[in-house]
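What follows is the residue order along each chain.
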Amino acid sequence: MFKRILISNRGEIAVRIMRAARELGVETVAVFHSVDKEMPFVHYADYAWELTSETPKAGYLDISQIIELAHKSGAEAIHPGYGFLSENAKFSQACIDAGIKFIGPKPHAIEVMGSKTKARELMAAAGVPIVPGTKEKITDMNRLHEIANELVYPVLLKAASGGGGKGMRKVSSPNELESCFESASREALKSFGDDSIYIEKYIENPKHIEIQIIADEHGNYVHLGERDCSVQRRHQKLIEESPSTVLDESLRYKMGEVAIAAAKACNYVNAGTIEFLFDKHKNFYFLEMNTRLQVEHPVTELVTGFDLAKEQIRIAAGEKLSFTQSDVTWKGHAIECRINAEDPFNDFMPDTGKIKYLREPAGKGIRCDSGVESGSTISIYFDSMLAKLIAYGRNRQEAIERMEQALMNYRIKGIKTVIPFHLAVMRHEQFRAGSFDTGFIEQVFDFDSFKKIKDEFAEVIAAITAAGYLKAKAQAQPERRKPKQSKWKDYRFISRRLF
Ligand code: ADP
């Protein structure tokens, strides 16, 4: 096992990985930009080295500086977390060249899966079902019209190097096709430095279901079942859960087998996720492979009992997987809500500022993977995710009820978050019934009513805004200000205030 590893990331995922390393008796090194110097992940690490860079983000993307710091700090391996350099084949290669173990897959797997067109070609050859469409980029407009007609509208234009929903355009009729193609290529060029666009059939109202796999360097491959990530806004996941309400044992088995075939096709090592679109007729199609630990990995950990971050470190150290496929069983239900610093009442506008007060929920079945504390400053430089709240229950209903309580008890002052939105989803009939797909937020969730019921969420909103919890609570429920009539009422008033 390694003596010391470096985590080339920040926020909640850096803390998460450090916890896993500690349990394995491995020392941790944080690298940080000066804007992050007071963040919990810096203090949590055994050692911390400052990155120097023009912009804060650039530091976390500076391959040579990170490798130099790994050498200086005596780290034998680097965990990239997610985002930043986690899916950068050059970084994985640079680690190998520098004699440092990259805690993740080999450069080849990252490279092939990093291109949606290359990945589609490889998957089709491996017998993995892909969304109907092209496996190469399109340059000729006549050909584009021809294929779109063959696929039957609506179709989806996608960036070959895409990610984060960028460079993606749904096209419903031939007269929009060329203008959508142009704007998609422009966006792709701006975001990824590559304007290659390909075309897929637009699957109506699918579910996003992904399979977690893990593989060691000794040829052992295991899948850990599915995560349903269909609650999305602008193609970005907001809520994830496991198991999915639409999969039975035989489908889980089938999708697991296909996911393993996909991973084997690129000689995959370490933890990875195969994403699928799942249609109304229970057909599933390969969407892409994420060659890293996913944000939503905790839901899988809770229903299977395995620690994916620990397993990743063990695998990188050359150990065999500590379990086989027959050891994997699924118990209970887990749901994760991404706690983003965004205003759900104002088109999810990112919010910045200082967290004046923070009390994260706890209790049975509640896990909060957080990267912030009271006093933390949330800047414009990074992703808006502050923490992940995960609820586990014996069944889906219990998990939802626990999540609801936990969201109500989440206290953040000084910054707006999406907590009220999550609460509204947890209370939504259709979500509770499990009958939702990727169109849920945009087509079913009623934002107008949500905005109108802002007052109903006054307590929660007050807790997450600078307005102050007690002040807004008193305004929302003025009767509490009436003179108290009995000792009992007095006691309740005080205890609720403290609560
Ligand atoms: P990105 O890498 O940009 O995030 P993905 O290919 O992973 O893009 O797709 C993100 C989301 O976009 C999916 O979860 C799904 O909601 C939607 N999507 C992607 N491809 C299709 C498709 N062919 N039909 C319908 N929805 C799609």
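Criteria and thresholds
Residues numbered from 1 in each chain as written. Predicted model: local features only at pLDDT ≥ 70, side-chain atom pairs only at ≥ 80, totals over all residues. Heavy atoms only, no water. Phe/Tyr/Trp six-rings, centres within 6.5 Å; stacked < 30°, edge-to-face > 60°. Helix = DSSP H or I, 4+ residues; strand = E, 2+ residues; numbered from the N terminus. Buried < 20%, exposed > 50% of the residue type's maximum accessible area, 1.4 Å probe, protein only. Lys NZ or Arg CZ within 6 Å of the ring centre and 35° of its normal. Pairing = 2+ DSSP bridges. Axes fitted to C-alpha atoms, helices over the stretch in contact; angles between N-to-C directions. Contact = heavy atoms within 4.5 Å. Near = heavy atom within 4 Å. Polar contact = N/O pair within 3.5 Å; in protein donor to acceptor, adjacent residues only side chain to side chain. Areas by Shrake-Rupley, 256 points an atom, 1.4 Å probe, with all protein chains shown as cover. Nonpolar A, V, L, I, M, F, W, Y, C, P; charged D, E, K, R; others polar. Core = buried A, V, L, I, M, F, W, Y, C linked by side-chain atoms within 4.5 Å. Domains from an automatic or database assignment. Left-handed = near helix turned anticlockwise from the far one by under 90°.

## Digging into the packing of aromatic side chains
Here is step 1 of the chain: Within the structure shown, the criterion is met by 19 aromatic pairs.
Here is step 2 of the chain: With a centroid separation of 6.0 Å and an interplanar angle of 80 degrees, the aromatic rings of F348 and F447 are classed as edge-to-face. Separated by 99 residues along the polypeptide, F348 in the loop between β15 (342-343) and β16 (349-350) and F447 in helix α17 (residues 447-452) bring together distant segments of the chain.
Here is step 3 of the chain: The exposure class of F348 is buried, given its relative accessible area of 6%.
Here is step 4 of the chain: Taking the relative accessible area as the measure of exposure, F447 reaches 22% and is therefore partly exposed.
Here is step 5 of the chain: Residues Y381 and F382 carry aromatic rings whose centres are separated by 6.4 Å and whose planes lie at 75 degrees to one another, so their mutual orientation is edge-to-face.
Here is step 6 of the chain: F382 sits in the buried class, given a relative accessible area of 11%.
Here is step 7 of the chain: Ring-pair connections join several aromatic residues into one group, and the members of that group are F345, F348, F421, F431, F436, F440, F445, F447 and F450.
Here is step 8 of the chain: The cationic tip of K207 hangs over the ring face of F436; the distance from NZ or CZ to the ring centre is 3.8 Å.
Here is step 9 of the chain: Looking at R252, its charged tip hangs above the ring of W330, at a distance of 5.5 Å from the centre.

## Comments concerning the sheet that holds strand β10 (residues 221-233)
Here is step 1 of the chain: The strand order β13-β12-β9-β10-β11-β14-β21-β19 describes an open sheet built from eight strands, whose pairing is antiparallel. Looking at strand neighbours, the two that pair on one side only are β13 (284-290) and β19 (366-370), the edges of this open sheet. Direction aside, the axes of adjacent strands within the sheet are offset by 25 degrees on average.
Here is step 2 of the chain: Pairing of β10 with strand β11 (residues 236-242) involves four bridges; the strand directions are antiparallel. Counted as the bridge partner of Q232 is K237 from β11.
Here is step 3 of the chain: In this fold helix α1 (residues 11-23) packs onto β19 and β21 (385-393), with an angle of close to 115 degrees to the strand it touches most, β19.

## With respect to the site of the ligand
Here is step 1 of the chain: Residues in contact with the ligand amount to 21 residues; listed here are only the nearest, K116, G165, E200, H208 and Q232.
Here is step 2 of the chain: Note that an oxygen atom of the ligand is positioned 2.7 Å from one of the side-chain N or O atoms of K116.
Here is step 3 of the chain: Residue Q232 places a side-chain N or O atom 2.8 Å away from an oxygen atom belonging to the ligand.
Here is step 4 of the chain: In isolation the ligand offers 560 Å² of accessible surface; the protein chains occlude 95% of this area.
Here is step 5 of the chain: Counting residues per element, the ones that place at least two in the shell around the ligand are β6 (155-159), β8 (197-201), β12 (270-278) and β13.
Here is step 6 of the chain: Of the residues assigned to the shell around the ligand, the class counts are seven nonpolar, eight polar and six charged.

## Here we look at the nonpolar core
Where a protein is soluble and globular, its nonpolar side chains tend to be buried together.
Here is step 1 of the chain: Membership of the largest hydrophobic core comes to 98 residues, with the highest contact counts inside it found for I5 and F41.
Here is step 2 of the chain: Residue assignment places this core across two domains, with domain 1 (4-103) and domain 3 (207-447) each supplying three or more.
Here is step 3 of the chain: Not counting residues up to four positions away in its chain, the partners in contact with F41 are N9, R10, G11, A14, V15, M18, A30, V31, F32, D36 and Y60.
Here is step 4 of the chain: Membership of the second largest hydrophobic core comes to 28 residues, among which are M113, V128, I211 and L247.

## Focus: the sheet that holds strand β4 (residues 77-79)
Here is step 1 of the chain: In space, the five strands of this open sheet follow the order β3-β2-β1-β4-β5, with parallel pairing throughout. Among the strands making up the open sheet, the edge pair consists of β3 (47-50) and β5 (101-102).
Here is step 2 of the chain: When strand β1 (residues 4-7) meets β4, the two strands line up parallel, connected through three bridges. By the bridge assignment, I5 is partnered in β4 with A77.

## Observations regarding the side chain of S8
Here is step 1 of the chain: With respect to the helices and strands, the residue S8 is situated in the loop between β1 and α1.
Here is step 2 of the chain: Residue classification places S8 among the buried residues on the basis of a relative accessible area of 0%.
Here is step 3 of the chain: Sequence-distant contacts of S8, that is, excluding residues within four places in its chain, are made with V31, I66, I78, H79, P80 and F91.

## Focus on the pairing of β12
Here is step 1 of the chain: For β12, the tally of buried residues reaches nine of nine residues, placing the bulk of the element in the interior.
Here is step 2 of the chain: With nine bridges joining them, strand β9 (residues 207-215) and β12 adopt antiparallel strand pairing. Across the sheet, residue E210 finds its bridge partner in β12, namely E275.
Here is step 3 of the chain: The antiparallel hairpin formed by β12 and β13 contains five residues in its connecting segment, where K282 sits at a positive phi of about 65 degrees.

## Focus on the packing of helix α4 (residues 63-73) against helix α5 (residues 89-97)
Here is step 1 of the chain: α5 packs onto α4 with a crossing angle of 35 degrees between their chain directions and a minimal axis gap of 10 Å. Both α4 and α5 take part in a crossing whose hand is right-handed. Two secondary-structure elements touch here, α4 through I63, I66 and I67 and α5 through K90, F91, A94 and C95.
Here is step 2 of the chain: Residues belonging to the contact of α4 with α5 are distributed by class as follows: six nonpolar, no polar and one charged.

## Side note on the side chain of K207
Here is step 1 of the chain: Residue position: K207 is located in strand β9.
Here is step 2 of the chain: Of note is the side chain of K207, whose polar atom sits 2.6 Å from the side chain of D228.
Here is step 3 of the chain: Side-chain polar atoms of K207 contact the backbone oxygen of F436, separated by 3.0 Å.
Here is step 4 of the chain: Ignoring any residue separated from it by four or fewer positions in sequence, one finds K207 in contact with D228, S230, T245, V246, F276, L277, F278, G434, F436, D437 and T438.

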